[in-house]
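Structural overview
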Protein chains: 2
Amino acid sequence: MNSNVLLSERDMQFLLYDVHAVDELTAFDYFSDHDRETFEQFLSACKRFARERMWPSYKQMDKEVPSFGEDARSGQRAICVHPRMGELYSQLANLGVLAASRPYDVGGSQLPITVSTAAMTWLMAGNLSAAGFAFLTTGAAHLVEAFGDTWLRTHFMKPMYAGRFTGTMALTEPHAGSSLADIRTSATHDSGGRYRIRGSKIFISGGANNFSDNIVHLTLARIEDSPAGTRGVSLFAVPKLRPEGDQWVPNDVQASQLIEKIGWKGLPSVVLDYGSEDDCIGWLVGRPNDGLSHMFQMMNEARILVGANAVATASVGYQESLEYAKSRPQGRLIDTEKGSTGPQVPIAQHPDVRRMLLRQKCIVTGGLSLVLETAKYQDIAAHGSSLTVRERAQILADFMTPLAKTFPAEWGYEANTLAVQVHGGYGYSSEYVVEALLRDQKLNSIHEGTTGLQGLDLLGRKILRDRGHGLQLWLETILGDLALAQATESPELKEYAAVLRAFVSQVQVTLRNLSSRTSLSSMLSHSTDMLLALCSFAVGWQWLKIVTQAERAADGGLQGTKCPHIRGLRHCAQYWFATEIPVAVAQLTRVDVADSSFLDCSLDSL
Amino acid sequence: MNSNVLLSERDMQFLLYDVHAVDELTAFDYFSDHDRETFEQFLSACKRFARERMWPSYKQMDKEVPSFGEDARSGQRAICVHPRMGELYSQLANLGVLAASRPYDVGGSQLPITVSTAAMTWLMAGNLSAAGFAFLTTGAAHLVEAFGDTWLRTHFMKPMYAGRFTGTMALTEPHAGSSLADIRTSATHDSGGRYRIRGSKIFISGGANNFSDNIVHLTLARIEDSPAGTRGVSLFAVPKLRPEGDQWVPNDVQASQLIEKIGWKGLPSVVLDYGSEDDCIGWLVGRPNDGLSHMFQMMNEARILVGANAVATASVGYQESLEYAKSRPQGRLIDTEKGSTGPQVPIAQHPDVRRMLLRQKCIVTGGLSLVLETAKYQDIAAHGSSLTVRERAQILADFMTPLAKTFPAEWGYEANTLAVQVHGGYGYSSEYVVEALLRDQKLNSIHEGTTGLQGLDLLGRKILRDRGHGLQLWLETILGDLALAQATESPELKEYAAVLRAFVSQVQVTLRNLSSRTSLSSMLSHSTDMLLALCSFAVGWQWLKIVTQAERAADGGLQGTKCPHIRGLRHCAQYWFATEIPVAVAQLTRVDVADSSFLDCSLDSL
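The sections below set out a description of the structure shown in this document. These figures come from a predicted structure and were not determined experimentally.

**A closer look at the relation of the copies chain B and chain A**
Note on the copies: chain B fits chain A at an RMSD of 0.0 Å, the axial shift is 0.0 Å, and the rotation between them is 180°. The operation mapping one copy onto its partner corresponds to a two-fold rotation axis. Using C-alpha coordinates, one finds that chain B approaches the rotation axis most closely at B:V583, a distance of 3.0 Å. Most of the interface of chain B is mirrored in chain A: 100% of its interface residues are interface residues there too.

**Here's the deal with the nonpolar core**
Soluble, globular proteins show a tendency: their nonpolar side chains are buried together. Ranked by size, the top nonpolar core spans 379 residues in total, and within it A:W474, A:L534, B:W474 and B:L534 carry the most contacts. Look past the residues within four positions of A:W474 in its chain and what remains in contact with it is A:L396, A:F399, A:M400, A:L403, A:L534, A:F537, A:A538 and A:W541.

**Remarks on the pairing of strand β3 (residues 165–170) of chain B**
On a regular strand, one side chain projects to one face of the sheet and the next to the other, so that they alternate. β3(B) sits mainly inside the fold: six of its six residues count as buried. Here β3(B) shows a buried face lined by B:F165, B:G167 and B:M169 and a second buried face lined by B:T166, B:T168 and B:A170.

**Regarding the interface of chain B and chain A**
Size of an interface, as often reported, equals the accessible area lost when the parts are brought together. Listed by partner, the interface residues are 97 residues for chain B and 97 residues for chain A. Area buried by chain B at its contact with chain A is led by B:Y428, B:F598 and B:L606, which between them contribute 11% of it. Counting the contacts that link chain B with chain A gives four salt bridges. A salt bridge links A:K63 to B:E260, with the nearest nitrogen and oxygen atoms 3.1 Å apart. Connecting chain B to chain A are 41 residue pairs in polar contact (both at pLDDT 80 or more). Broken down by element, the side of chain B that touches chain A gets its largest block of residues, twelve residues, from helix α16 (residues 564–593) of chain B.

**What about the packing of aromatic side chains?**
Per the stated rule, a full pass over the model turns up 45 aromatic pairs over all chains. Between the aromatic rings of B:F407 and B:W576, the centroid separation amounts to 5.8 Å while the plane-to-plane angle is 70°, which identifies the pairing as edge-to-face. Here B:F407 is found in helix α9 (residues 387–422), whereas its partner B:W576 is found in helix α16, with 169 residues between them in sequence. Neither residue differs from the other here; B:F407 and B:W576 are each classed as buried. Members of the aromatic cluster, each reached through a chain of ring pairs, are A:W151, A:F156, A:F165, A:W248 and A:W283. The ring centre of A:Y17 lies 3.8 Å from the NZ or CZ of A:R36, which sits over that ring. Sitting above the plane of the B:F68 ring, B:R77 keeps its charged end 4.3 Å from the centroid.

Procedures and definitions
Residues numbered from 1 in each chain as written. Chains lettered and ligands numbered in written order. Predicted model: local features only at pLDDT ≥ 70, side-chain atom pairs only at ≥ 80, totals over all residues. Heavy atoms only, no water. Least-squares fit on C-alpha atoms with pLDDT ≥ 70 in both. Contact = heavy atoms within 4.5 Å. Core = buried A, V, L, I, M, F, W, Y, C linked by side-chain atoms within 4.5 Å. Buried < 20%, exposed > 50% of the residue type's maximum accessible area, 1.4 Å probe, protein only. Helix = DSSP H or I, 4+ residues; strand = E, 2+ residues; numbered from the N terminus. Buried area = accessible area lost by both parts, 1.4 Å probe. Salt bridge = Lys/Arg side-chain N within 4 Å of Asp/Glu carboxyl O. Polar contact = N/O pair within 3.5 Å; in protein donor to acceptor, adjacent residues only side chain to side chain. Phe/Tyr/Trp six-rings, centres within 6.5 Å; stacked < 30°, edge-to-face > 60°. Lys NZ or Arg CZ within 6 Å of the ring centre and 35° of its normal.

Spelled out as structure tokens, the structure:
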């Protein structure tokens, strides 16, 4: 296994402290024990662990996948994960990853989500399957923390945050996929807050393992006689082992099938059968019939983590292809090629290879910046100093979440494809790691809401439903940054700001045109185009912010324009504005033009 | 294994006979025994074989990959392919696939390359690994046919065309990849036309099997004391078994290693070791030191086949996702969703899914049309009625080859990605076939010249080196079709023609600007952008031609505008002009703007 730095440390630092000033958050009470030093302690522990312990096991886990076998502890038939997984998981728990951003009173560290997301990016870059067990558990525990009573918190949340139990999010059913209104898993009132659960779930990541003491499945189900559709869905905690008196007894929820996934291979994805012997008990979490709304309060965090994961996977591919391109000699430079007698040059010197490398860096660092900014709004939304501040941040966090999920997923897939391409024929071989990363990446445009659904969420829910309020607030925020950039002496910043300003105007015109359409479906027919155009634009905005800070750094004399790191960031911005923004303009135009070919085309024409 | 129609038969027919009028070729002497009926006989035999025999074995071959084992015939250690491969291969030979387009006197059928390419598209859609053994053998035999003497033709070409021997193209070496100037495999004069070969080749597809009587490796090597670089490379036939008197004896060329490819899994790709016991004999094919130029005379055909393969793989994914989308119920239409109580609708009714389906169809059918047009120019170049006609067609075939290779490879990869996306979570499982097709597709932007090299070939060799002559001839051809379209009564055709005409002007400006640059490297720095822009544009041209024929079909009353097939083709054109051409314009603009970010960026900035 090659070494791989996983992420650019200088980029991560520059984004966290220069561009996003994450240390500002320590002004809020919740974070007041923290400072840059405590952030860095946590981050560098995670970085070391990712590089030294997680990454060396990544490729093995891609090859030696979970399978049905005998659980060494119980002697029973069980899904066994890679032998090293249990050890990695306890170390992640020891690092304080599981409750990093949670309050002290549940055993957490009260770190900003911005910092815990940055840390998770390191860990996911190291080994996304191991990190997956951790963030799924955090998500499940957080749901119990937010909506569960003391009994539930004691029995399920605490052991999850402590690393003894793992957790899952069990939403999807075989016949319904993304359509949560059609959930059929049933819950019948039993006694107390207990319900009998019957049904089946599919694609449950981390739904089985042979290292944790218990698994708590946070499960959406329908209580008998509830309303049809989304308004009749409730949330339950359904453990693998349930407490009965002093005992933990089997709870009749079984992983009956392993999905043969093409990536994330260390993390088993299973079909879960509930109550096949009519002895599966679940505990209601929160209010009856409010399950979806409870679940969706956690969804932003989950979606940002998908964005972070996509950045991580794209980054590892980028670093791998960068090292390959620097060390692989092949061919000669065009202007000297005729002779063909001198030594070959490293392929990193060929313009088209250089283009593929810089493009990857733009996607990785631009995507990371977008993810961190969105996470910071979540921190402010939760802990900001006034209600106004918190509400404003919440709107921005909600608005930006589909962008922070989709940009890294879609462009990250392209980045991982380029990492394969840079490797040439070797990239097509599974002896090299880049193809595995490409397989991992493909999931990110599918899980936690497909790209198509993110488009509907952005345009339908976040833009049209609130009459453009969230969008306007977001654009105002951006215009503020543009004004700052235009006030500098830098010609490049002035130019970038002008380009983005023109884009803002185009967005506003588009929004007016959309509002005048007669049906919701006609407004939404190009929602994916809208989403993708705003993704590119949002990352253009991030590059403007990055260059703005780079100028300040240069003025401060700390990191001058001669510093290769700062120069690289400016080249990325230059590339993005020259190459990507014009495509975003064309993409946004599609929303206005509203070509109806694919709507009008009948199925028998296809 | 699901059934899958593999390709749209009505699109194939419409393209062959209406759009490209392949039957016109029968006016040339070489094809004079043929007519539409003989074409269809061959094509429908290939179609049936692809659907009924090849496709049912595809998924097995993806899972049960070649491995070292014992050759049942010799008892020796050998690379054993899937047990069904040998049977499929003999049936392909019996179908007349191997020498379909070759002359009668070598056992061929004198079919147009346009028809044999269409047939090969069916076969590659059925099982690209089995088809791969066939087209590699045809390529190797064709080289011997073109440049070998009678002895070579008798001993190697004939048994290859007859299906007893298979063949390979052995170019790439581990240290040199695409840089053929750096080939080190050596050939030392032995006696007669015999040479002793020593060296190593990598990524040799079909380099081993346990079903054919012999394997002939068409190998690039360097004769001692030859000039350095590309001008010192010669072509040799190096068989696995060589004739010595009446015997065929082992020839000391061994497949020493199997590459763990991520796709095309039925077709072993190997490392070949030549002369490790100093007993490997090769026969010079053609002139010494002209090996590369000999090889490149076959390259157009090979590259068009890569394009056809990419179309085939994209098409199978498209058909798979179309059937899935029609049969998978999930969610409800936006305008009726609120209630959430009615039955779910098939996902093919959701706008964004419909978009992903139509986009795939545009890529598949547009790509196929481009491939067939390029193949037709090859036929005319070889067999046209006058030297002028042949020369003109040769220039067009040469010019269009990088487009016909790259468009299907790059956009086909996107199409296969969309086929996975349409399947949602199921697409991420290897129980469904779409992910395997995606893995297969990735090779097409890498082998037979990467996309980056196709860009250099197009802009450097085909455009700049001949001062834009090939480009101008191509644009004139297109302008002819635009004039025809503008002369019709159809508003849509007039509009499409105007869009393409504007693009032609932009290309001409770009070419002038490029010519004024001072260094070759600065002219070529955006060659990939140029290539991709011209790819989209070329497919826009194909859609214009398709709609032009669709109008004629409508006027002729045979297939009216009410026919779903014709309507579908028009919707594709509408989509392409609304969605893709604006992106191509932005991409072409990049060549002019000539952003230098990735050239200026130093490696320590990345």
